[in-house]
Amino acid sequence: MSSRTRTAADATRSWARAHPGLSGLAFAALGLTVGLVLGIAVPPLFEPDQDLERGILRLLTSEDESEGGQRGKLIKQWDDAHPDQEVKLVTVSRSPDKAHSEMLNPIEQVDVYNLDVTWTAEFAATGRIQSLDPESLERRGLLQGFLAEPRKTAEYDGRLWALPFNTDAGLLYYRTYDRKNPETPGQRWPDPPESWADIQNRGEEALNPQDPQYDPKLEAGYAWQLVDDEILTVNALEAIWSTGGEVVNADNQVVLDSTAAEEGLRRLKDGLAVGGKPLVHPDSVDFDEKATTNAFAEGRLLAMRNWPVAYRDLTSVEAAQRVDFEVAAVPGRSVLGGQNLAVASGTRMPNAARDLIEFLTGERSQQILFEHGGFAATRRIVYLDPNIAERYGYADDLLRAIERAGSRPVTPHYILFSKVFRDVVHQALDGDGKFTEDHVRRLTDALHGKQT
């Protein structure tokens with residue numbers, strides 16, 4: 001299911017050219033090419049720091065959804081090397097809204113926060129997290145190598161407040177030709193769709209009952225995720241960006257009043273409104289990421305937009321029941337997702353807290369979290385690992401999607417802004433695809449924390 005998988009040798013040579021000063025030991029530390037270091041003893045990942053405070057470190061986080069619990073295993077590695085410190089995980093709800101509330105009002109002392117990327121500004125502005133010293137991190141080589149877009153999500157008001165733990169970007173999953181039987185019904189794309197028009201045209205062909213490859217199980221060409229949650233904000237932003245529209249510009253001003261922005265929302269509305277078998281599945285209004293994945297896996301969709309975690313879910317289905325699919329970057333810009341690790345302002349163990357987040361965001365940890373846990377890495381070097389290229393054939397596409405992804409508006413009042421934005425989107429979809437007269441004022445007020 002790989003789109004453009006490179007050979008291990010190509011990836012290794014690329015990595016070596018990018019890091020000419022590193023020895024074979026560095027390759028071993030990253031788990032890249034064991035053959036380069038045969039006979040060489042690999043040093044420990046890190047040496048315990050004698051200046052760390054003793055005690056229990058409380059990490060407030062969402063549940064570990066990495067494959068095989070790799071995130072928890074990494075934390076145990078840190079624990080084993082730090083007998084005078086122990087990490088206690090304090091988990092919050094799976095629901096984004098409830099998780100945000102529980103993060104704001106923890107039931108016990110917090111030392112490290114694992115924050116959604118959209119919450120960094122709020123926790124910084126309200127004094128809940130400490131800023132980090134970028135000069136110290138630079139001197140120790142701990143900032144070099146982060147992908148630019150994920151790193152930006154850890155910054156606010158000119159300061160660095162966190163380190164990027166994992167990142168995310170939308171990918172396009174699409175049905176492909178059965179290589180052994182190209183006449184299989186419903187198999188459409190030997191090559192990735194390159195635009196929304198491409199998705200629309202091929203979807204209309206597939207939904208035509210007169211087409212030789214017509215598949216009666218196919219219910220729609222595509223599915224958005226429009227349930228009234230954060231994923232609606234993500235999908236609406238991507239739809240608006242895909243037509244050249246914008247919501248908040250680089251000067252943090254609301255600019256959601258253009259023809260291009262309205263065209264993006266009409267794309268959502270018109271797709272749902274088609275008679276017969278629609279281009280966009282009508283259940284999209286209630287779909288979240290999991291429901292969309294299930295519909296695609298059951299052969300009811302020709303294509304879908306989803307996060308990289310859907311790849312793991314789809315490939316876990318028994319081969320006999322699995323649809324043939326490929327993965328590509330979504331046409332246009334994707335919304336950037338992910339989580340950042342930050343030191344709590346009230347911690348009594350600031351040195352130990354910083355040591356933990358430096359370890360979890362380091363190159364070797366990032367490689368393990370991606371290769372074995374399925375979490376998209378925040379460091380470029382990981383995408384050059386031949387093991388990653390072999391296991392995740394979409395890695396190159398994901399890297400490109402991350403590099404051109406757009407961030408959601410940066411504001412300490414993001415939760416309020418997202419809620420008002422979803423209301424504006426619903427009103428446009430319920431009407432004729434146009435915005436209400438007061439939408440710019442309402443969004444501007446929300447961006448600055450004013451409820452109207």
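Residues numbered from 1 in each chain as written. Predicted model: local features only at pLDDT ≥ 70, side-chain atom pairs only at ≥ 80, totals over all residues. Heavy atoms only, no water.

1. Focus on the overall build of the protein
To be explicit about the condition: For helices the rule is a DSSP run of H or I covering at least 4 residues; for strands it is a run of E covering at least 2, with both sets numbered from the N terminus onward. In this scheme, a residue with accessible area under 20% of its type's maximum is buried, one over 50% is exposed, and one in between is partly exposed, where area comes from a 1.4 Å probe on protein chains only. The contact criterion used is simple: two residues touch if any of their non-hydrogen atoms lie within 4.5 Å. Here the Shrake-Rupley method, with its probe set to 1.4 Å, supplies the accessible areas, and only the displayed protein chains count as covering residues.
Each helix and strand counted, the protein has 18 helices and 10 strands in total. Here the protein holds 452 residues, and 51% of them are scored as buried. Nonlocal contacts in the protein, meaning residues at least 24 apart in sequence, comprise 71% of its contacts between residues at least 6 apart. Accessible surface, the protein as shown: approximately 19,800 Å² in total, 48% of it carbon and sulfur.

2. Side note on the pairing of strand E7 (residues 171-175)
Applied cut-off: Only when DSSP finds a minimum of two bridges between them are two strands counted as paired.
The buried count for E7 comes to 5 of 5 residues, which makes it a mostly enclosed element. Side chains Leu171, Tyr173 and Arg175 of E7 all project onto a buried face; the interleaved residues Leu172 and Tyr174 project onto the opposite face, where all are buried too. As paired elements, E7 and strand E8 (residues 303-306) share 4 bridges and run antiparallel to each other. Within E8, the position partnered with Tyr173 by the bridge is Met304. The pairing of E7 with strand E9 (residues 325-329) spans 5 bridges and is classified as antiparallel. Each residue of the ladder has a partner; that of Tyr173, found in E9, is Val327.

3. Focus on the pattern of salt bridges
Defined as follows: Any carboxyl oxygen of Asp or Glu that lies within 4 Å of a side-chain nitrogen of Lys or Arg is treated as forming a salt bridge with it.
Counted by the stated rule, this structure contains 27 salt bridges. The partner of Asp228 in a salt bridge is Arg422, with the nearest N and O atoms 3.0 Å apart. Of this pair, Asp228 sits in the loop between helix H8 (196-206) and helix H9 (230-242) while Arg422 sits in helix H17 (residues 414-430), and the two are 194 residues apart along the sequence. According to the relative accessible area criterion, Asp228 is partly exposed, its value standing at 46%. Arg300 serves as the salt-bridge partner of Glu298, at 2.9 Å between the closest nitrogen and oxygen.

4. Things to note about the packing of aromatic side chains
Note the following rule: Centres within 6.5 Å are what make two rings of Phe, Tyr or Trp a pair, Trp counting through its six-membered ring; a difference in plane orientation under 30 degrees is then read as stacked, over 60 as edge-to-face, and the rest as tilted. As a reminder, the over-ring test applies to NZ of lysine and CZ of arginine, requiring each to be within 6 Å of the ring centre and within 35 degrees of the ring normal.
Overall, the coordinates contain 13 aromatic pairs when judged by the stated rule. Between Tyr113 and Phe123 the ring centres are 5.2 Å apart and the planes differ by 65°, which places this aromatic pair in the edge-to-face class. Pair noted here: Tyr113 is in strand E3 (residues 112-116) and Phe123 is in helix H5 (residues 120-125), with a separation of 10 residues, a long-range link. A relative accessible area of 0% places Phe123 in the buried class. The interplanar angle of 85° and the centroid separation of 5.2 Å between the aromatic rings of Trp196 and Tyr222 together place this pair among those described as edge-to-face. One end of the pair, Trp196, is in helix H8; the other, Tyr222, is in the loop between H8 and H9, with 26 residues separating them in the sequence. Judged by relative accessible area, which is 12%, Trp196 ranks as buried. Ring-pair connections join several aromatic residues into one group, and the members of that group are Tyr173, Phe296, Tyr311, Phe325, Phe370, Tyr383, Tyr392 and Tyr394. When the ring centre of Phe123 is taken as origin, the NZ or CZ atom of Arg128, which lies over that ring, is 5.8 Å away.

5. Considering the sheet that holds strand E1 (residues 55-61)
Threshold: For every element, the axis is a line fit to its C-alpha atoms; helices are fit only across the contacting stretch, and the angle between N-to-C directions ranges from 0 to 180 degrees.
One open sheet holds the 5 strands; their spatial order is E2-E1-E3-E10-E6, and the pairing between them is mixed. Two strands lie at the open edges of the sheet, namely strand E2 (85-91) and strand E6 (163-168), each paired on one side alone. Between one strand and the next, the sheet's axes are offset by a mean angle of 20°, whatever the strand orientation. Across 7 bridges, the pairing between E1 and E2 is parallel. Bridged to Leu57 within E2 is Val87. Contacts between helix H3 (residues 70-81) and the sheet are confined to E1, E2, E3, E6 and strand E10 (337-343), with E2 contributing the most and set at about 155° to the helix. Helix-sheet contacts for helix H13 (residues 350-360) involve E1, E2, E3, E6 and E10, and the interaxial angle to E10 is about 155°.

6. What to know about the packing of H3 against H13
Keep this limit in mind: Roughly parallel means an angle under 35 degrees; roughly antiparallel, over 145; roughly perpendicular, 65 to 115; everything else is oblique. In this scheme, a crossing is called left-handed if the near helix is turned counterclockwise away from the far one by less than a right angle; it is called right-handed if the turn is clockwise. Here the term charged refers only to Asp, Glu, Lys and Arg, the term nonpolar to Ala, Val, Leu, Ile, Met, Phe, Trp, Tyr, Cys and Pro, and the term polar to all other amino acids, Gly among them.
Running from amino to carboxyl end, H3 crosses H13 at an angle of 130°, the nearest separation of the two axes being 11 Å. With respect to H13, the axis of H3 lies oblique. Two packed elements cross with a definite hand, and for H3 against H13 that hand is right-handed. Only Ala352, Asp355, Leu356, Phe359 and Leu360 of H13 make contact with H3, whose side of the interface consists of Leu74, Ile75, Gln77 and Trp78. Partitioned by chemical class, the residues of the contact of H3 with H13 number 7 nonpolar, 1 polar and 1 charged.

Geometric descriptors of this kind do not, in isolation, establish any biological role.
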